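Observations on chain architecture
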Amino acid sequence: MESPRVVLKVSTPAAGRGPVTAGVPWPRGVITDPSRLTLADGNGRPIPVQAKVTDRWADGSARWVRLDWIAEAGVGEYAVSVGARSVSDGSTQPVAHAPGSDGPVVRLDGSKAGPAVDTGTFRFEWGIDSVSPANGPADHQTRVRIQVVWADDRIWDVRPYGIRFDETGPRSTVLRLDGRVGPPDHTTQPILEYEAQFHYFAGLSVVRVEFTLRNPRRAEHPGGLWDLGDPGSVYLKDASFTFALPGADVGRVESSRPDAAARGADDAGSQSGRSPEPPVLLCSPERGTPLAPFVLPFELYQDSSGGENWRGRNHVNRAGEVPLTFRGYRVNGADGLRATPIVLLPGLGITMPHFWENFPKAIEVTADSITLRLFPKQSADLHELQGGEQKTHTFAVAFGADATAEALEWFRTPPRVTLPPEWVAATGAVPYLTPQATDPHADYLALVGAALDGPDTFETKREAIDEYGWRHFGDIYGDHEAVYHRGPEPMVSHYNNQYDPVFGFGVQLLRSGDARWAAHMDALAAHVADIDIYHTTRDKSAYNGGLFWHTYHYAPADTATHRSYPKLLRTLGGPAGLDPDDPKAQKSRHVYALGGGPGNEQNYAAGLALHYFLTGSTQSRDAAVGLAQWVIDMDDGTKTVFRWLAGGDTGLASQSRGPDYHGPGRGSGNSLAALLVGHTLTGEAKFLAKAEQLIRRVIHPADDVPARNLLDVENRWFYTMFLHALGKYLDHKAELGQPDAMYAYARASLLHYARWMAEHEVPTLSRPEVLEYPNETWAAQDVRKFEVLRLAARHAAGAERDRFRERATFFLRDSLDRLQAFPTRTLARPVVLLLSMGYTAAHMRANSGDAAPPPAVTPSDFGRPERFVPQKVRAMKRAKLVVAAGAAGGAAAVVALILWLLLA
């Protein structure tokens, strides 16, 4: 069989060279040893490459492999092939990893003072003690200081406590530093946590830095409200990195020096007796602008986005005020709109790829240092990190000969890699994916394409409410929530990854090869991982590590930002801009008396996993695994106050629309889907075991389906979300080669509900009288009926299989036709729904014989359904028994009953 060959398209800067990372999928059984992979440029020249398996098929072969290499400008294509067997196989090592033939490599060494990284052109030495001297000549050290300034102007102590190599390899290596930030007198516990990842690349002296600053405290959320100004927040005046040239007086956490050859050249100049010339500062403030000299001292400060709506209500602070003072940025007194600067001193340079998008930001330069202010002191307001909130900033620092605009452009505008859609589809790594070019559903493609092209793109939506700033960038404007708004300014509503547009962006990227989808995917994945997830372990297990809901329906986000329920509505009594007599406003008053927090019905992890496979982002992987763990933790009755009265599961992982319903629903469906992601990413049995426990709790092959009242659309529409996830569970089990009794149970349950759907389900908008708001979203949601029946057809046979496929096609056709008739079809929610659903129709049409494997065992009797009773309900019942015992029999009876309850 001919060896597979995959051609990757790469967009690069116009000159120089720089690092490229790409996740590439492979068919089952093809890659058993990633060291066999070789890379060649468009001329067939071998390129050294580093390969790491990030996901495996059940047979152990690679499903996704991350490739790292150093690319050259102007080389737009690279071919990945399977080469000679590696040393581990007993034969010749491939060129891609052959020492001595692949140029500079990353090498690791160190001493008691700390580890060191040598990229072949530069050496970086670390010490745990931030003020310890570096090895080598002091005049070649570039020192780094991380500084955090509190609201009261105190400079807080940045305390590293751990340093390790997260990843190592000949092409790239990642060193991670963990630490805490607290008062300098050490009288109290540290308040903040930080993680710093330093990415080193073979043959380069440019380091990419990913720095995360986290407030691990819980939010107090009084009355169920999570707004800015919560007692769990911390307030910073400044947080910065300073990189100092030799001789500058600054604390150091890292030291770097050139290799021996470069040192010799520098030493010759320094020993010649000539007076050193004053340093020249060069800056390119924006992409596309040339380098120009600037006078020292230098300051570039981005105060706002520079957009038309830069002072919009999206940027309110805890007082409900917008503290932005001017539009855009200022550099040494001159004004501009949107800066993405490259700043250079001789031997030292810096850039940040999303500088203006994550405003406020500042860069300052003196004759011997460059300071990047991530939370700048120039801001008119303090920087609030909410309880459980974190922010990751990515930037690059160049040293020595690589301190050039040419080298840093690779980090200011990182290369984009796109995969051939035909190859991705053939691998099966993303089930049911087909190339966009072969999809016959033109109306579907037009609806999805509205996200990128036309008058109402997602970029246009972003500008409408100025969805920029470090807390907002990457999220989607929920413009569908503003359709009833009557105010003069756009109503701000945040989408918070509902229905997983991260996954939808990735699917459309893989189907089309259009890199614009990648830009949306990267930005949203980063936002979700930082802002939308509650990063604490100090609150309820139902909240810790959970995902916050989108802004509540038809309401302004205001000071709630990305935490759902603004306290403003308790003053207004309902969504602002709605008529007080409007049913939606009346309904909302009740909801806003309750407040909210992270909940199981808002849990989407598949997109984060796909982002990890495509980019190698460990932040996305960790976030996805964390959301799977959240499902287990929220359902764990040993973590609640009710554990003293009742054991067992809380039911928080399976409830939908309230604590009393544990049938097929959005909560149970999202929990199941997240657990499958956790099992895929880790292989840990606990995730699959919990998934199967939830399936048995939520659904049964003998359920009385009519009794579920699934045609009560307003209260039960979401049952298809669970059935869709159940179909994915069956796919997962089939790929694992486990068509066991649990597979048979789930399969029988899916078919049982699908039979009911085929006979009784109708298009939702065919009954507008039962809907509160018969809008475009209902048409888009009906695509789920297509997905469920499509999956059920794979497990059916004969006439029943044909019936399921016919009804699936009917619902898809009806949904798309109805959507096309709505002038509001390009609002965020319907487009997001179609990004991750409906693309499978082309696969179903092209694979009429597609069938799932039958169960290896088929139990003759699955028993009878059992009603699940949540822990709280059981605990309250027992509490009433205690009270009754006290009234009837006195203290002795109460003690006896409590002992019985605890031991039962």
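Residues numbered from 1 in each chain as written. Predicted model: local features only at pLDDT ≥ 70, side-chain atom pairs only at ≥ 80, totals over all residues. Heavy atoms only, no water.

This part takes up the overall build of the chain. Each helix and strand counted, the chain has 22 helices and 29 strands in total. For the chain, buried positions account for 59% of its 904 residues. Sequence-distant contacts in the chain: of pairs separated by 6 or more residues, those separated by 24 or more amount to 72%. Looking at the chain as shown, the accessible area adds up to about 34300 Å², and 54% of this sits on carbon and sulfur atoms. (Helix = DSSP H or I, 4+ residues; strand = E, 2+ residues; numbered from the N terminus. Buried < 20%, exposed > 50% of the residue type's maximum accessible area, 1.4 Å probe, protein only. Contact = heavy atoms within 4.5 Å. Areas by Shrake-Rupley, 256 points an atom, 1.4 Å probe, with all protein chains shown as cover.)

In this section: the environment of Glu800. When you line up the elements, Glu800 lands in helix α19 (residues 798-821). Each C-alpha atom, one on Glu800 and one on Arg755, is 8.5 Å from the other, the two residues being 45 residues apart in sequence.

An order of β2-β6-β5 is seen for the three strands of this open sheet, with the pairing classed as antiparallel. Edge positions in the open sheet fall to β2 (17-25) and β5 (50-56), since each of these has one partner strand only. On average, each strand axis in the sheet is inclined to that of its neighbour by 20 degrees, with strand direction left out of account. Strand direction decides the pairing type here: β5 and strand β6 (residues 62-72), joined by six bridges, are antiparallel. Each residue of the ladder has a partner; that of Asp55, found in β6, is Trp64. (Pairing = 2+ DSSP bridges. Axes fitted to C-alpha atoms, helices over the stretch in contact; angles between N-to-C directions.)

It is worth spelling out the pattern of salt bridges at this point. Considering all chains together, one arrives at 61 salt bridges under this definition. Taking the shortest distance from any N to any O, the salt bridge between Arg373 and Asp238 comes out at 2.8 Å. On the criterion of sequence distance, the pair formed by Arg373 in strand β26 (residues 369-375) and Asp238 in strand β16 (residues 234-244) is long-range, its members being 135 residues apart. For Arg373, a relative accessible area of 8% corresponds to the buried category. Overall, Asp238 belongs to the buried group, its relative accessible area being 1%. Here the salt bridges do not stand alone but share partners, grouping Arg164, Asp166, Arg176, Asp178, Glu193, Glu195 and Arg214 into one network. (Salt bridge = Lys/Arg side-chain N within 4 Å of Asp/Glu carboxyl O.)

What follows is about the nonpolar core. In this structure, Leu8, Leu67, Trp69 and Ile695 are the most contacted members of the largest nonpolar core, which totals 154 residues. Apart from residues lying up to four places away in sequence, Trp69 is in contact with Leu8, Val10, Gly18, Pro19, Val20, Ala22, Leu39, Ile47, Pro48, Val49, Tyr78 and Arg171. Listed in part, the 56 residues of the second largest apolar core include Val106, Val148, Leu300 and Val365. (Core = buried A, V, L, I, M, F, W, Y, C linked by side-chain atoms within 4.5 Å.)

We now examine the pairing of β2. With seven of nine residues buried, β2 is to be regarded as a mostly interior element. As paired strands, β2 and β6 are joined by nine bridges and run antiparallel to one another. Note that in β6 the partner of Ala22 across the bridge is Leu67.

Moving on, we get to the confidence of the model for the chain. Averaged over the chain, the pLDDT score is 89; the fraction of residues at 70 or greater is 87%. Across residues 576-581, confidence stays below pLDDT 50; counting only partners more than four residues off in sequence or on other chains, it has 18 contacts. Across residues 583-594 the pLDDT falls below 50, and counting only partners more than four positions away or on other chains, this stretch makes 34 contacts in the model. (pLDDT = per-residue confidence, 0-100.)

Packing of helix α7 (residues 516-532) against helix α11 (residues 618-634) leaves a shortest axis separation of 10 Å and a crossing angle of 50 degrees. Between α7 and α11, the angle falls in the class oblique. Of the two elements, α7 crosses α11, and the hand of that crossing is left-handed. Of α11, the residues touching α7 (which contributes Ala525, Ala526, Ala529 and Asp530) are Gln619, Ser620 and Ala623. Partitioning the contact of α7 with α11 into residue classes produces four nonpolar, two polar and one charged. (Parallel < 35°, antiparallel > 145°, perpendicular 65-115°, else oblique. Left-handed = near helix turned anticlockwise from the far one by under 90°. Nonpolar A, V, L, I, M, F, W, Y, C, P; charged D, E, K, R; others polar.)

With respect to the helices and strands, Trp517 occurs in helix α7. Considering only alpha carbons, one finds Trp517 and Phe505, 12 residues apart in sequence, at a separation of 5.4 Å. Those residues within four positions of Trp517 in sequence are excluded, and the remaining contacts are Val448, Ala451, Leu452, Phe505, Gln508, Leu509, Ser512 and Leu835.

Moving on to the environment of Tyr745. Mapped onto the fold, Tyr745 is located in helix α16 (residues 741-760). Between the alpha carbons of Tyr745 and Thr858 there is a distance of 8.3 Å; along the sequence they are 113 residues apart. Apart from residues no more than four positions distant in its own chain, Tyr745 is found in contact with Ile695, Arg696, Ile699, His700, Pro701 and Phe862. Here Ile699 takes part through its backbone oxygen, which lies 2.6 Å from a polar atom of the side chain of Tyr745. (Polar contact = N/O pair within 3.5 Å; in protein donor to acceptor, adjacent residues only side chain to side chain.)

The next subject is the sheet that holds strand β4 (residues 46-47). Sheet architecture is open: five strands sit in the order β4-β3-β7-β1-β29, paired in antiparallel fashion. Each edge of the sheet is formed by a strand with only one pairing partner; in this case those strands are β4 and β29 (416-418). Both strand β3 (residues 37-41) and strand β7 (residues 77-82) contribute to a ladder of five bridges, which runs antiparallel. Along β7, the bridge assignment pairs Leu39 with Val80.

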